[in-house]
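A structural walkthrough
Given next are the chains, with one letter for each unit.
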Amino acid sequence: LNSYVLIRIISRLINAMKEIILELGRGGLKMKYDFSKRTDEIGDMYNAIQGLTIGLQKKSDFSQHIGQGDYDCPFEPLSKKDVLGNALRTMRDNLKRVADEDRIRRWANEGIASFADLMRDTSKDVNSLAKAVLKGVVEYLEVNQGGIYLVSETAEGEHELKQTAFYGWNKERIIKK
């Protein structure tokens, strides 16, 4: 009778562990049973599965951040042998690099289009064009000031730099130099 009871208890515990493992195999991360207080092999197996479940949950959360474009979300694989964790981190790094390259490419293309419009719409006068281009460059680059100097020839035949446009702190300025 005692062996029957012992076999039945062990069978129930093994079946419960089997259900947990099958659920985990189906992608479920919720544990139906809690054997964390057990100090025997069943408790050891449960704690190992719970560690696996926590790792998978972290990977799931990390994947969601990546899917939302949050490439700065911190993530550490469980170990150097964590194939999925390391693959996810590599994927994140590659997606971040591609997103950064795309952002730079888009910024450059928008800037080129903006300046093409500016060149088309501005009068042919060099001074007006210099002022308009400089204002556009300073604002587009989000810098605080800039200047354009043109080389001109003096009456004596010497070359000098002459300030054509200066733009700073959201105002057009003329500084004689």
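Residues numbered from 1 in each chain as written. Predicted model: local features only at pLDDT ≥ 70, side-chain atom pairs only at ≥ 80, totals over all residues. Heavy atoms only, no water.

Following the sequence through the fold, threonine 164 ends up in strand β2 (residues 159-168). Apart from residues lying up to four places away in sequence, threonine 164 is in contact with Val126, Asn127, Ala130, Lys131, Ile148, Tyr149 and Leu150. (Helix = DSSP H or I, 4+ residues; strand = E, 2+ residues; numbered from the N terminus. Contact = heavy atoms within 4.5 Å.)

Per-residue pLDDT for the chain averages 88, and the proportion of residues at 70 or more is 94%. Looking across the chain, the model is least confident in strand β3 (residues 171-173), with a mean pLDDT of 62, and most confident in helix α3 (residues 83-121), with 92. (pLDDT = per-residue confidence, 0-100.)

Scanning all chains against the criterion turns up 10 salt bridges. Notably, a salt bridge pairs arginine 89 with glutamate 76, separated by 3.5 Å at the nearest N-O pair. Taken together, the positions of arginine 89 in helix α3 and glutamate 76 in the loop between α2 (41-67) and α3 put the pair 13 residues apart, joining distant regions of the chain. The exposure class of glutamate 76 is exposed, given its relative accessible area of 62%. Across the pair aspartate 117 and arginine 120 runs a salt bridge whose closest N-O atoms are separated by 2.2 Å. (Salt bridge = Lys/Arg side-chain N within 4 Å of Asp/Glu carboxyl O. Buried < 20%, exposed > 50% of the residue type's maximum accessible area, 1.4 Å probe, protein only.)

Next up on the list: helix α1 (residues 2-25). Helix length check: α1, at 24 residues, gives a terminal C-alpha distance of 34 Å against a target of 34 Å (1.5 Å per residue), a fit within 8%. Every buried residue belonging to α1 is among Leu13, Ala16, Met17, Ile20 and Leu24, and all of these are buried. Of the surrounding secondary structure, the elements contacted by the buried residues of α1 are α2. Positive phi appears at glycine 27, one or two residues downstream of α1, with a value of about 100°. (Expected span 1.5 Å × (residues − 1).)

To continue, consider helix α4 (residues 126-141). Here α4 spans 22 Å end to end across 16 residues, near enough to the 22 Å set by a 1.5 Å rise per residue. Here α4 has its buried residues at Ala130, Leu134, Gly136 and Val138. Here the buried face of α4 lies against α3, β1 (145-153) and β2. Looking at the residues trailing α4, positive phi occurs at glutamate 142, about 55°.

The subject of this paragraph is the side chain of lysine 59. With respect to the element layout, lysine 59 can be found in helix α2. The exposure class assigned to lysine 59 is buried, which follows from its relative accessible area of 8%. In terms of polar contacts, lysine 59 uses its side chain to reach the side chain of aspartate 82, at 3.0 Å. With sequence-adjacent residues up to four places away left out, lysine 59 is seen in contact with Phe75, Leu78, Asp82, Leu84, Gly85 and Leu88. (Polar contact = N/O pair within 3.5 Å; in protein donor to acceptor, adjacent residues only side chain to side chain.)

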